[in-house]
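Working through the structure, step by step
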Amino acid sequence: MLVSTQDYSQGPGLSISQLSVSPGSHSSKPPLQPSGGALLSQSSEALRQVQEQGNPRGAITHLESDLSYSSLVQESSSADQLQELPFTPVHVPIMALGPRKGSPSTGLTRASLARLQASGFPELLDCNKEPVQMVDPSDPLNFNPQREEADLLQNNEIILQFLAFTRTAEDSTASEMWPKTIYFTFQFYRFPLVITPRLQLVKVEPSGTAPFVSSSHILVQIKEDGTLSCGSPGFQLKYMVDPGFLKPGERRCFIHYLAEHTLQIDVWDGDSLLLVGSAAVKLKHSLRQGRPAIQVHHELEVVTMEYKQDATVMTGEVLKHGGVKPIGVHAVVRGRLHLSLANIGHPWEQKQRKPLSLPPSRSRIVLSHGGTSGFHGGSLLSLSAHGVGNVCQAQKLADVDSELAAMLFSRLQEVSAAFQHTSHEASITRRRKLERMLSVRRRESQEGDTGKKASLIMGRHEDRIRHSRDLQIIEAYRERIKAESITSMLSKAITTRHTLYASFGTAEFFEFALKNPYSVQHTVTIEIDNPELSVIVDAREWRHFKELTQTVTPLEEDMFHLHDNLMPRVYLRPKETVHIPFKYQAFCLEHAATMQQGAMELAFSEGKEEPTAPWKASSTQTKHIKVSFMASDSKPIAILRVNVESQPHVVDQTFRFYHPELTFLKKSIRLPPWHTLPGALVGVPGGEPEMFVRCSDPNIICETKKMGPGEPQDVFLKVAGGPSPQIKRFFLSIYTDPWLATPTQIWQFYLHSLQRVDISCVTGQLTRLSLVLRGTQAIRKVKAYTSHPQELKVDPEGIFILPANGVQDLHLGVRPQSAGSQFIYLNLVDVEYHQLVSSWLVCMSCRQPLISKAFEIVLPPGGGKGSNKRITYTNPYPSRRIYFLHTNRLDLLQFKEDSFEIGGGETYTIGLRFAPSQGAGEEEILIYINDHEDKNEETFCVKVTYQ
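What counts, and at which threshold
Residues numbered from 1 in each chain as written. Predicted model: local features only at pLDDT ≥ 70, side-chain atom pairs only at ≥ 80, totals over all residues. Heavy atoms only, no water. Disulfide = S-S within 2.5 Å. Helix = DSSP H or I, 4+ residues; strand = E, 2+ residues; numbered from the N terminus. Buried < 20%, exposed > 50% of the residue type's maximum accessible area, 1.4 Å probe, protein only. Phe/Tyr/Trp six-rings, centres within 6.5 Å; stacked < 30°, edge-to-face > 60°. Lys NZ or Arg CZ within 6 Å of the ring centre and 35° of its normal. Pairing = 2+ DSSP bridges. Axes fitted to C-alpha atoms, helices over the stretch in contact; angles between N-to-C directions. Contact = heavy atoms within 4.5 Å. Arc of directions from axis to C-beta. Patch = residues over 30% accessible without salt bridge, like charges linked within 9 Å, V, L, I, M, F, W, Y side chains within 5 Å. Areas by Shrake-Rupley, 256 points an atom, 1.4 Å probe, with all protein chains shown as cover. Salt bridge = Lys/Arg side-chain N within 4 Å of Asp/Glu carboxyl O. Core = buried A, V, L, I, M, F, W, Y, C linked by side-chain atoms within 4.5 Å. pLDDT = per-residue confidence, 0-100. Polar contact = N/O pair within 3.5 Å; in protein donor to acceptor, adjacent residues only side chain to side chain.

What the rule picks out here adds up to zero disulfides. Here Cys-695 stays unpaired: no disulfide links it, and the sulfur of Cys-702, its closest cysteine neighbor, is 4.9 Å away.

Turning next to the environment of Glu-349. Inspection of the secondary structure assignment puts Glu-349 in the loop between strand S16 (328–346) and strand S17 (365–367). On the accessibility criterion, Glu-349 (45% relative accessible area) is partly exposed. Separated by 105 residues in the primary sequence, Glu-349 and Gly-244 have C-alpha atoms spaced 9.4 Å apart.

Right, let's get into the packing of aromatic side chains. Per the stated rule, a full pass over the model turns up 30 aromatic pairs. Judged by centre distance (5.6 Å) and plane angle (20°), the rings of Phe-509 and Phe-545 are stacked. With Phe-509 in strand S19 (residues 508–515) and Phe-545 in helix H11 (residues 539–549), the pair connects residues that are 36 residues apart, well separated along the chain. The class of Phe-509 is buried, set by a relative accessible area of 1%. We classify Phe-545 as buried; its relative accessible area is 2%. Arranged with centres 6.1 Å apart and planes meeting at 15°, the rings of Phe-657 and Phe-749 form a pair that is stacked. Residue Phe-657 is found in strand S28 (residues 653–660), and its partner Phe-749 is found in strand S34 (residues 745–762); the two are separated by 92 residues along the sequence. The pair Phe-657 / Phe-749 is uniform in exposure class, with both members buried. Chaining the aromatic ring pairs together yields one cluster made of Phe-188, Tyr-189, Phe-191, Tyr-239, Phe-254 and Tyr-257. In this structure, Arg-656 is placed above the aromatic ring of Tyr-750, and the distance from its NZ or CZ to the ring centre is 4.2 Å.

Taken together, four strands build an open sheet; the order of strands is S17-S19-S24-S21 and the sheet is mixed. Both edges of this open sheet fall to S17 and strand S21 (533–535), since each of them pairs with a single strand only. Each neighbouring strand pair of the sheet contributes to a mean axis angle of 35°, computed without reference to strand direction. Judged from the eight bridges that link them, S19 and strand S24 (residues 577–584) form a sheet pairing that is antiparallel. Bridge pairing in S24 links Leu-514 to Val-578. Against the sheet, H11 makes contact with S19 and S24, and its axis sits at roughly 110° relative to S19, the strand it touches most.

Moving on: unusual backbone geometry. Backbone geometry follows two general trends: most residues other than glycine have a negative phi, and most peptide bonds adopt the trans configuration. Looking along the chain, the bond that leaves Ser-724 and enters Pro-725 is cis, with omega of 0°. Within the element layout of this structure, Pro-725 appears in the loop between strand S32 (713–720) and strand S33 (726–735). That bond from Asp-795 to Pro-796 is cis: its omega, 5°, falls within 30 degrees of zero. Here Pro-796 shows up in the loop between strand S37 (792–795) and strand S38 (800–802). Of note in this structure, Asp-934 is not a glycine but carries a positive phi near 65°.

This brings us to helix H3 (residues 251–260). Within the span of H3, buried status applies to Arg-251, Phe-254, Ile-255, Tyr-257 and Leu-258. For H3, the angular spread of the buried residues around the axis is 155°, confining them to a single face. Exposed residues on H3 whose side chains face more than 90 degrees from its buried face are Arg-252 and Glu-260.

A separate point is the sheet that holds S37. Taken in spatial order, the three strands of this open sheet run S35-S39-S37, and their pairing is antiparallel. Looking at strand neighbours, the two that pair on one side only are strand S35 (767–774) and S37, the edges of this open sheet. Geometrically, the sheet is characterised by an average inter-axis angle of 30° between neighbouring strands, direction not taken into account. In this sheet, strand S39 (residues 807–814) lies alongside S37 in antiparallel orientation, the contact comprising four bridges. When the bridges of S39 are listed, Leu-792 appears paired with Val-814.

On to a nonpolar patch on the surface. Taken together, the side chains of Val-537, Leu-562 and Leu-566 make up a nonpolar region of the molecular surface, amounting to roughly 290 Å² of accessible area. Within the secondary structure layout, Leu-562 lies in strand S22 (residues 561–562).

Within the largest apolar cluster, 39 residues are counted, with the highest numbers of intra-cluster contacts made by Phe-162, Phe-165, Phe-184, Phe-186, Phe-188, Tyr-239 and Ile-265. Ignoring any residue separated from it by four or fewer positions in sequence, one finds Ile-265 in contact with Phe-162, Phe-184, Thr-185, Phe-186, Gly-277, Ser-278, Ala-279, Val-281, Leu-337 and Leu-339. Of all hydrophobic cores here, the second largest spans 34 residues; its members include Phe-509, Leu-533, Val-535 and Ala-631.

Tallied over the entire structure, the rule returns 20 salt bridges. With a closest N to O distance of 2.8 Å, Lys-623 and Glu-532 form a salt bridge. Remark: Glu-532 occurs in the loop between strand S20 (522–528) and S21 and Lys-623 occurs in strand S26 (residues 623–630); sequence separation between them is 91 residues. Neither residue differs from the other here; Lys-623 and Glu-532 are each classed as buried. Between Glu-576 and Arg-573 there is a salt bridge, and its shortest N-O distance comes to 3.2 Å. Judged by relative accessible area, which is 19%, Glu-576 ranks as buried. Among the charged side chains, a salt-bridge network with shared partners connects Glu-299, Glu-301 and Arg-336.

With that settled, consider the confidence of the model for the protein. This prediction gives the protein a mean pLDDT of 74; 69% of its residues lie at or above 70. Counting contacts from residues 1–79, a segment whose pLDDT is below 50, to residues more than four positions away or on other chains yields 254 contacts.

All right, on to H11 then. Among the residues of H11, those classed as buried are Ala-539, Glu-541, Trp-542, Phe-545 and Lys-546. With its buried residues spanning 160° around the axis, H11 presents them on a single face. Relative to its buried face, H11 has exposed residues pointing more than 90 degrees away, namely Arg-540 and Glu-547. Structurally, H11 contributes buried residues whose contacts are with S19 and S24. Backbone nitrogen of Arg-540 and a side-chain oxygen of the N-cap are separated by 2.9 Å at the start of H11; the cap is Asp-538. Backbone geometry just downstream of H11 places Gln-550 in the positive-phi region, at approximately 55°.

Along the polypeptide, Ser-733 turns up in strand S33. A residue is classified by how much of its surface remains accessible, and Ser-733, at 0% relative accessible area, is buried. Reaching out from Ser-733, the side chain makes a polar contact with the side chain of Tyr-735 at a distance of 3.3 Å.

What follows covers the pairing of strand S7 (residues 155–167). Taking burial as the measure, the 13 residues of S7 include 13 buried ones, the bulk of the element. In the sheet, S7 pairs with strand S11 (residues 215–221) via four bridges, with the strands oriented antiparallel. Within S11, the position partnered with Ala-164 by the bridge is Ile-218.

If a strand is regular, its side chains alternate between the two faces of the sheet. Here two bridges tie strand S8 (residues 181–186) to strand S10 (residues 199–203), and the two strands are oriented antiparallel to one another. Within S10, the residue paired with Thr-181 across the bridge is Gln-200. Alignment of S10 against S11, held across five bridges, turns out to be antiparallel. Following the sheet pairing, Leu-199 is matched in S11 by Gln-221.

Okay, here's the thing in structure tokens:
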């Protein structure tokens, strides 16, 4: 299931969406043609702005809306009712985009590919020590699940090799934004989230590379001391998936995961901790289909989404109830990731992991041991729940109870301690000890045999008194625990144990065969001590799970009677056996709560080489649930103990939202109609299933409403953000059946809480402001990074010291290049530990200055040396002034001099250098003339036609 990817803002108020820095936002009235030579014709008419509408195909829809649909049908509020201005930063997951139309299969020349291949990446070998067969990802794949299941090489070694990162030609001008180090985050199958270490980008292109040509950078691991590793370049991860690793029957699920899923990989800047972009790779080509091993080399586009909102669309239509403010979504390709994906088959030897017992049966029926096998006998004081047998060896009470042992041996410890103290004193002086010993022997020889007998009798009397006291203690202890021990043993005789392997959002169904052991009828009450395990009381739900699990047992209508406390009760005839349906389903995840931004960079463990380590590390503690079946006399007739082993779940898509701290994020994600066919009519029933959603965090509001036939559905979210720089992580499961048996998809959400800074500015003009930095408990070496370094400058620019518990100012200089609303991310990073100290969301509201003159020029497209032109500017002031020149298209226009100084009333000729264009078309370039304070004096517009 793919979600559509288009952004909207909906609601009674205005919305702000992310703005792209792309050209083409202006068009002029018919300008004057060039008058000849190098001097351009002028026009005093200002250029008016028009909105460039259009949404890319397959874009995700995010709606700003009230969570209740009832608000949409209410009457408009009165004039004195204030309307909220929702905030809508958006991040579109790349999985639904896929390759763009017309995008080339590779952005590298054959020479660049040859240099990459010669970089020394590790070679992969199959189980026969032969090179792995290479597969072209563009070749069609005929998937045969029977061939995969019948493969003799059942041990799958999945290898991911991150090889290189290529800079695209269209991104060649943004040198300041190109990262020096990167790292990746992704989640493969049910393994936990992987965060790779930081990797250095090392350029492999020669220094004389021609401009407008893609440049490749291989990935090199960084040592702890900051130097580069001398080993093979690239980074490699291995996953071992074999029958001993998978649960019984899970191999088929893993095969379908490879055949149908797409792996989303997020690329991060290792220095600034900013998101570079996301890539998506289809896993279907990693299916071996009977081959011993295969390897696929992918060149993936790393895409980031930018959103542009035209500032001129501020009409009354936007303020109307339910009005939609148009937003342009732009997919910007930041680079291409070279990834090698391999699947190497190995024969699975059971000697490597010999099972202690047979694998559990796939049957969903749990038989009651108490009703069939009876009491086998055993020790009342046995510590092991499974050690019940016909023969039991007697044990001392002191050996099975620590409390009793402490009481019995307390006197012995006192005697031992006194003996050690005496020995220490005797070792001080040997002479004193010998004299005392001679004195004692002399006294004993004088007393004779009578004294010896008296001392012996007194010693035996003291022993009898001590033993008698110990026996009394033991007897009292036996009487105290007798009833408890007998009750515990009888409970074991009627207790049945069952183990479930559950994952988030998936319902685990089973039936318990309950037998009435008495010769009289009973009404049995079912008591459960955990709300995640429940009895299925609805016959329709019971029938649904029976059909899913193919369980062939009797089904009864109106079987249970709900008591006042909502505990189900069932009537049993004498010696009758009935099947009680149970469902376990958990939506809460303790580990998916909150985290600190930047801390996850240190979360990678070098132990990933161990294939089973990630799975074990992700397993939470086992849950123990007790189910008691109480008869009419409040005595149990059977006990069921359910052990729940939590397993990781598969993540289908990942969403990241950046939002101001301590505010609510209200978001709506639109899904396309389930049956979208070319030429389908809206309103015609197409059999769309109703959709249901559940969230892993109970404090998050999420819901969806049933829409009409052929209408798209929306998933509504309302999330409370935490303090900056906190990240809130949660999961959302989507179902298409009303009983929520198995989620169709599971989405992962990250909410980044940032400090919000609002700026109102003019394009091309410098706006200054300051931010307050508060130090932590320790001194840190920090540096500020921004997502748009061409528009936002920071001072201090390099690395500086942030004192402990101190306050320091960070000065910002903002010079926007386009009008509208724009969001810039600003991170303050600890450069020693690569941790995020602070993070801001700079919200710019930019307006366009008045365009005083317009020019038009026609240039040839394609390569070449460019063109030189001139325009004139007259100083309107009577005094001498200095002026500074800026433009919104540094890639297309350069000035001969960035500043000039002229006298009052004098005219100055500005030299322009137009760079060659890559193709035919029209571009509008703005020239800003600013004064000595960098305030805009005048703005010229040059319309360049390449033809």
